[in-house]
Amino acid sequence: MMDIKNFIIAGIVIALIIGVAAVFMASPDPDGLESTALVVQGEKTLTGVTPEEAELVEDVHGGFAYDSPFPDYGMGESLGKTGEIIAVLVGIAICFLIVLGLAKVAARPQQQENK
Amino acid sequence: MHIPDGFIPITQGIIYWIIALVFIALALRWARKELSEEKVPIVAVLAAAIFALQAFNLPVGMGTSGHLVGGALAAIVLGSPFAAVFILSIVLIIQGVIFGDGGLTTMGVNIINMGVIGGFVGFYGYTGIKAVIKNPYVSAGIAAWFACLIPALAASVELWVAGTFPLVPGLIAMGTYHAAIGIIEGVVTAAAVYLIIHARPDLMDIKTGAAV
């Protein structure tokens, strides 16, 4: 049976490999929700390819807009793939550390098990 | 399946946020009661892996791509739908705030779809199917397929209520695309469950699946 420490390290390594591979290999096609929006907005057909000039209208209801620090999992055009690798690595690290911290705080206290 | 800000009016977004917060509170209660300290690193590594897998869009034809959502995976591995709510809520908040993937006003509805509905469908689908066919990997794969499809159908109803999608065309398109994307969800979830059971069979509460 794999040691728990090795199990965690293996998990993190797998996550990092998937994340970096995603930067180079992920499909640029719109996801299911975006494709549906393009269909109902008349930009594409249900089963057809997505035309290059298809333009998704996101601001349907207006009102609220937010600029994130790493939009589209990147750091802008100038940094290209490097920016995307940094963004995905930052994301994996933040997810691991924040969930680790919050789960530690939220988890069942150890002494309760002895009661 | 991350709904952006402009797709749902803010007032409706607030209602979904309130419902999501109720489930987040229940997830915190689950953690306090059920999550032992030794499982904390597993929760964290699952979150990191789900984030990475969500970045990996695979083509599914029809000019569309998709990726694992991970609600079923989290719920099955940790033995509770609230584990999915816990992990997916944090991952979705990080994606929305730092990467602009999914809106902030729509984060509540995204947590409901992918964390709550995905987690509950994944967990109870898994326990139900496994009680009949016994094979944990096939059960996990089928449950995960439903845990991708049903949240997508829920999203299309929510977007109909919002006035963004027409009902029937929305259901047809979301259903068609996510029936295909669900195959990714199913295969990746089954593979991950296989790897975890083979590496550390004690980590997965397999009995939970058989007993229900």
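Small disclaimer: the values here were computed from a predicted structure and weren't measured.

Caption draft 1: The overall build of chain B, seen in detail. Along chain B, the regular secondary structure elements total eight helices and two strands. Moving toward the C terminus, one meets the helices and strands of chain B in the order α-α-β-β-α-α-α-α-α-α. The globule rule puts the C-alpha radius of gyration for 212 residues at 17 Å, and the 16 Å found for chain B is close to it. When the backbone C-alpha atoms are referred to their principal axes, chain B occupies close to 45 × 35 × 30 Å.

Caption draft 2: The arrangement of the overall build of chain A in detail. Along the backbone of chain A there are three helices and zero strands. Summarising its shape, the C-alpha atoms of chain A cover approximately 60 × 30 × 30 Å along the three principal directions. Among the 115 residues that make up chain A, the fraction classed as buried is 35%. Considering only intrachain contacts with a sequence separation of at least 6, the fraction spanning at least 24 residues in chain A is 33%. In chain A, which carries 6 positive and 15 negative side-chain charges, the distance between the mean positions of the two groups comes to 24 Å.

Caption draft 3: Molecular detail of the interface of chain B and chain A. On the chain A side, the residues contacting the 73 residues of chain B number 69 residues. Broken down residue by residue, the surface that chain B buries against chain A is led by B:Arg32, B:Phe56 and B:Phe99, which jointly contribute 12%. For the pair chain B and chain A, the number of links is zero salt bridges. Our enumeration of links across chain B and chain A arrives at 28 residue pairs in polar contact (both at pLDDT 80 or more). Looking at the side of chain B that touches chain A, the elements that each hand over two or more residues are α1 (10-34), α2 (40-55), β1 (58-61), β2 (64-66), α4 (81-99) and α7 (167-199) of chain B. In terms of residue count, α2(B) provides more of the side of chain B that touches chain A than any other element does, 13 residues in total.

Caption draft 4: Inspection of the pattern of salt bridges at higher detail. Following the criterion strictly, the structure yields one salt bridge over all chains and no others. Here B:Arg200 makes a salt bridge to B:Asp202, at a shortest N to O gap of 2.8 Å.

Caption draft 5: Seen up close, α1(B). For α1(B), built from 25 residues, the straight-helix expectation of 36 Å at 1.5 Å per residue is met to within 8% by its first-to-last C-alpha distance of 35 Å. Of the positions making up α1(B), those classed as buried are B:Gln12, B:Gly13, B:Tyr16, B:Ala20, B:Ile24, B:Ala27, B:Trp30 and B:Ala31. Here the buried face of α1(B) lies against α3 (80-106) of chain A together with α3 (71-78), α4, α5 (107-133) and α6 (136-161) of chain B.

Caption draft 6: The arrangement of the packing of α3(B) against α7(B) in detail. All names here are of chain B. Between α3 and α7, the shortest axis-to-axis distance is 9 Å and the interhelical angle comes to 25°. As summarised for this structure, α3 and α7 are arranged roughly parallel, according to the angle between their axes. In the crossing of α3 with α7, the sense of the turn from one axis to the other is right-handed. Contacts between α3 and α7 involve Gly71, Leu73, Ile76 and Val77 from the former and Glu185, Thr189, Ala192, Val193 and Ile196 from the latter. Split by residue class, the contact of α3 with α7 holds six nonpolar, two polar and one charged.

Caption draft 7: Expanded view of the environment of B:Asp5. Turning to its location among the elements, B:Asp5 is positioned in the segment before α1. Linking B:Asp5 and B:Gly102, residues 97 residues apart in sequence, is a C-alpha distance of 7.0 Å. Apart from residues lying up to four places away in sequence, B:Asp5 is in contact with A:Phe64, A:Tyr66, B:Gly103, B:Leu104, B:Thr105 and B:Thr106. Among the polar contacts listed, one links the side chain of B:Asp5 to the backbone nitrogen of B:Leu104, at a separation of 3.0 Å. A distance of 2.6 Å separates polar atoms of two side chains, one belonging to B:Asp5 and the other to B:Thr105.

Caption draft 8: Inspection of the packing of α1(B) against α5(B) at higher detail. Residues and elements named next belong to chain B. Running from N to C, α1 and α5 cross one another at 45°; their axes reach a closest spacing of 8 Å. As summarised for this structure, α1 and α5 are arranged oblique, according to the angle between their axes. As α1 packs across α5, the resulting crossing turns out to be left-handed. Only Met107, Gly108, Val109, Ile111, Ile112, Val116 and Phe120 of α5 make contact with α1, whose side of the interface consists of Tyr16, Trp17, Ile19, Ala20, Phe23 and Ile24. Among the residues forming the contact of α1 with α5, the class breakdown is twelve nonpolar, one polar and no charged.

Caption draft 9: Representation of the domain arrangement of chain A within the structure. Per the domain assignment, the segments making up chain A are domain 1 (1-27 + 71-109) and domain 2 (31-65). Relative placement of domain 1 of chain A and domain 2 of chain A: their C-alpha centres are 29 Å apart.

What counts and how
Residues numbered from 1 in each chain as written. Chains lettered and ligands numbered in written order. Predicted model: local features only at pLDDT ≥ 70, side-chain atom pairs only at ≥ 80, totals over all residues. Heavy atoms only, no water. Helix = DSSP H or I, 4+ residues; strand = E, 2+ residues; numbered from the N terminus. Rg over C-alpha atoms; globule rule 2.2 N^0.38 Å. Buried < 20%, exposed > 50% of the residue type's maximum accessible area, 1.4 Å probe, protein only. Contact = heavy atoms within 4.5 Å. Lys, Arg positive; Asp, Glu negative; His and termini not counted. Charge placed at Lys NZ, Arg CZ, Asp CG, Glu CD. Buried area = accessible area lost by both parts, 1.4 Å probe. Salt bridge = Lys/Arg side-chain N within 4 Å of Asp/Glu carboxyl O. Polar contact = N/O pair within 3.5 Å; in protein donor to acceptor, adjacent residues only side chain to side chain. Expected span 1.5 Å × (residues − 1). Axes fitted to C-alpha atoms, helices over the stretch in contact; angles between N-to-C directions. Parallel < 35°, antiparallel > 145°, perpendicular 65-115°, else oblique. Left-handed = near helix turned anticlockwise from the far one by under 90°. Nonpolar A, V, L, I, M, F, W, Y, C, P; charged D, E, K, R; others polar. Domains from an automatic or database assignment.

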